[in-house]
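# Chain and residue survey
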Amino acid sequence: MVLLEGVISIEREGETYELDTPLSLFMAPRGQPVEAIGPVDGDYLAVWAQETEPQAGQGVNSMDGQHQLNLASFAGDALARDFVRRLAAAGYGAVVERVSVDDRDWWRVGISGFDSVDDAAYAADALREAFSMVSPWISKSN
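Below, the structure is looked at part by part. (Residues numbered from 1 in each chain as written. Predicted model: local features only at pLDDT ≥ 70, side-chain atom pairs only at ≥ 80, totals over all residues. Heavy atoms only, no water.)

Turning our attention to the overall build of the protein chain. Looking only at helices and strands, the protein chain has three helices and nine strands in total. Seen in sequence order, the protein chain has helices and strands lined up from the N terminus as β-β-β-β-β-α-β-α-β-β-α-β. Against the compact-globule benchmark of 14 Å for 142 residues, the protein chain has a radius of gyration of 22 Å, which places it well outside the compact range. Taken along the three principal axes of its C-alpha coordinates, the protein chain extends 65 × 30 × 25 Å. Taken across its 142 residues, the protein chain has 27% of its residues classed as buried. Considering only residue pairs separated by 6 or more positions, the protein chain has 50% of its internal contacts joining residues 24 or more positions apart. (Helix = DSSP H or I, 4+ residues; strand = E, 2+ residues; numbered from the N terminus. Rg over C-alpha atoms; globule rule 2.2 N^0.38 Å. Buried < 20%, exposed > 50% of the residue type's maximum accessible area, 1.4 Å probe, protein only. Contact = heavy atoms within 4.5 Å.)

So, in structure tokens, the structure goes:
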């Protein structure tokens, strides 16, 4: 664990450890004693940040993202809401939107807030496989 800012208290096997110095490292390998708390090597931190921070083009989703991934349209509200529940169980925050196309109502399931078309496309690839979707499409968020 690396402390970036603030203070972290860690309890392990009845002992409490406190990190209160920015960029300090706490390591406790499974089945081994706690290693000394010390400064993190900047090279390691850069590598770990790549592993844990969202990377552009890899599904980044934010409150102000301008792209929406439309996953499917259903002729009925119940089917759309069932799909949203399945997505939520897998950790995806999808919503249902009622739309009219050629004077016919549809219930569209989508995920908004993607920062770029590439981010939405990355998520589409993962969801297409996981949920056997035929053709999700990307649009600008409303």
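Before going further, it helps to examine the pattern of salt bridges. In the structure shown here, the tally under the stated rule is three salt bridges. Put simply, D105 and R98 hold a salt bridge, and the shortest N to O gap is 2.6 Å. Judged by relative accessible area, D105 falls into the partly exposed class, the value being 32%. The exposure class of R98 is exposed, given its relative accessible area of 56%. Here R128 makes a salt bridge to D125, at a shortest N to O gap of 2.8 Å. Here R128 pairs with D125, and both are found in helix α3 (residues 117–131), just three residues apart, close to one helical turn. Given the relative accessible area of 31%, R128 is considered partly exposed. (Salt bridge = Lys/Arg side-chain N within 4 Å of Asp/Glu carboxyl O.)

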